[in-house]
Amino acid sequence: MRTLVPALATAGVPQSWLVFPIGALKAAGALGLALGLLGVPLVGTAAAAGLVLYFVCALYTHLRVSDFSPTFFLAIVFLGLAVATLALDPALVLNVGR
């Protein structure tokens, strides 16, 4: 919280958004990825795509106010992980050659 609250203030995001919509979107993405791992491929794919969109928006929010704090670079790492998850999604990889 010590690094997150100042980053939110710098980006102009209200602290109340930590629960909804930010927390809810992250929790839904994590739950969707878990369901995808358990065999629900379309939900996993949608969750991975949603997390890519979420982190693109997070990076845009930081760039908009020239905030290059550690949370900005952490968002880059998480965006990379979300992109890799989507790119390696078996539901997409298996259908490429068809």
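Source: prediction; values computed, not measured. (Residues numbered from 1 in each chain as written. Predicted model: local features only at pLDDT ≥ 70, side-chain atom pairs only at ≥ 80, totals over all residues. Heavy atoms only, no water.)

## So, the environment of Met1
Defined as follows: Helix numbering and strand numbering both begin at the N terminus, where a helix is a DSSP run of H or I of at least 4 residues and a strand a DSSP run of E of at least 2. When checking whether two residues touch, look at their non-hydrogen atoms; a contact exists if any pair is within 4.5 Å.
With respect to the helices, strands and loops of the structure, Met1 is situated in the segment before helix H1 (4–11). Contact partners of Met1, with chain neighbours within four places excluded, come to Pro6, Gln15 and Leu18.

## What to know about the nonpolar core
A general tendency of soluble globular proteins is for nonpolar side chains to be buried together. Convention followed: Joining through side-chain atoms within 4.5 Å is the link that ties buried Ala, Val, Leu, Ile, Met, Phe, Trp, Tyr and Cys residues into a set, and such a set is a nonpolar core. To sort residues, take the accessible area from a 1.4 Å probe on protein chains only and compare it with the maximum for the residue type: under 20% means buried, over 50% means exposed, and anything in between is partly exposed.
Grouped together as the largest cluster of nonpolar side chains are 13 residues, with contacts concentrated most on Val13, Ile22, Phe55, Leu59 and Leu79. Within the residue set of this core, elements represented by two or more residues are H1, helix H3 (41–64) and helix H4 (70–87). Per-element tally for this core: the top contributor is H3, with five residues.

## Here's the deal with the environment of Ala7
As for its position among the elements, Ala7 is in helix H1. Given the relative accessible area of 8%, Ala7 is considered buried. Taking the C-alpha atoms as reference points, Ala7 and His62, separated by 55 residues in sequence, lie 8.6 Å from one another. Beyond its immediate sequence surroundings of up to four residues, Ala7 is in contact with His62, Asp67, Ser69 and Thr71.

## Quick notes on the packing of H3 against H4
For clarity, the cut-off: Lines fitted to C-alpha atoms define the axes, with helix axes restricted to the stretch in contact, and inter-axis angles between N-to-C directions lie between 0 and 180 degrees. For classification purposes, an angle smaller than 35 degrees is called roughly parallel, one larger than 145 roughly antiparallel, one from 65 to 115 roughly perpendicular, and anything else oblique. Should the near helix be turned anticlockwise from the far one by less than a right angle, the crossing is termed left-handed; should it be turned clockwise, right-handed.
Two elements in contact, H3 and H4, have axes separated by 9 Å at closest approach and are oriented at 155°. Between H3 and H4, the crossing angle belongs to the class labelled roughly antiparallel. Considering the relative orientation of H3 and H4, their crossing is left-handed. Contacts between H3 and H4 involve Thr45, Ala48, Ala49, Leu51, Val52, Phe55, Val56, Leu59, His62 and Leu63 from the former and Thr71, Phe72, Ala75, Ile76, Phe78, Leu79, Ala82, Val83, Thr85 and Leu86 from the latter.

## Points about the packing of aromatic side chains
Let me state the cut-off plainly: Paired rings are identified among Phe, Tyr and Trp, the last through its six-membered ring, by centres lying within 6.5 Å, and are further divided according to the angle between planes into stacked (under 30 degrees), edge-to-face (over 60) and tilted (the rest).
With the rule as written, the count across this model stands at four aromatic pairs. On the basis of an interplanar angle of 90° and a centroid distance of 5.2 Å, the ring pair of Phe68 and Phe72 is categorised as edge-to-face. Measuring from centroid to centroid gives 5.1 Å for Phe72 and Phe73, while their planes differ by 80°, and the two rings are edge-to-face. Here Phe72 falls in the buried class, since its relative accessible area comes to 8%. Taken together, the aromatic side chains of Tyr54, Phe55 and Phe78 make up a single cluster linked through ring pairs.

## Looking at H3
Convention followed: In a helix, the anticipated span is given by 1.5 Å times the number of residues less one.
Here H3 spans 35 Å end to end across 24 residues, near enough to the 34 Å set by a 1.5 Å rise per residue. For H3, the full list of buried residues reads Gly44, Thr45, Ala47, Ala48, Leu51, Val52, Tyr54, Phe55, Ala58, Leu59 and His62. Looking one or two places after H3, you find Ser66, whose phi comes out positive at around 55°.

## Details of unusual backbone geometry
Between Phe20 and the following residue, Pro21, the backbone shows a cis peptide bond with an omega angle of 15°. Along the chain, Pro21 falls in helix H2 (residues 19–37). A positive phi is found at Ser66, a non-glycine position, where the angle reads about 55°. With respect to the secondary-structure elements, Ser66 resides in the loop between H3 and H4.

Honestly, that's just the spatial picture; any functional story needs more than this.
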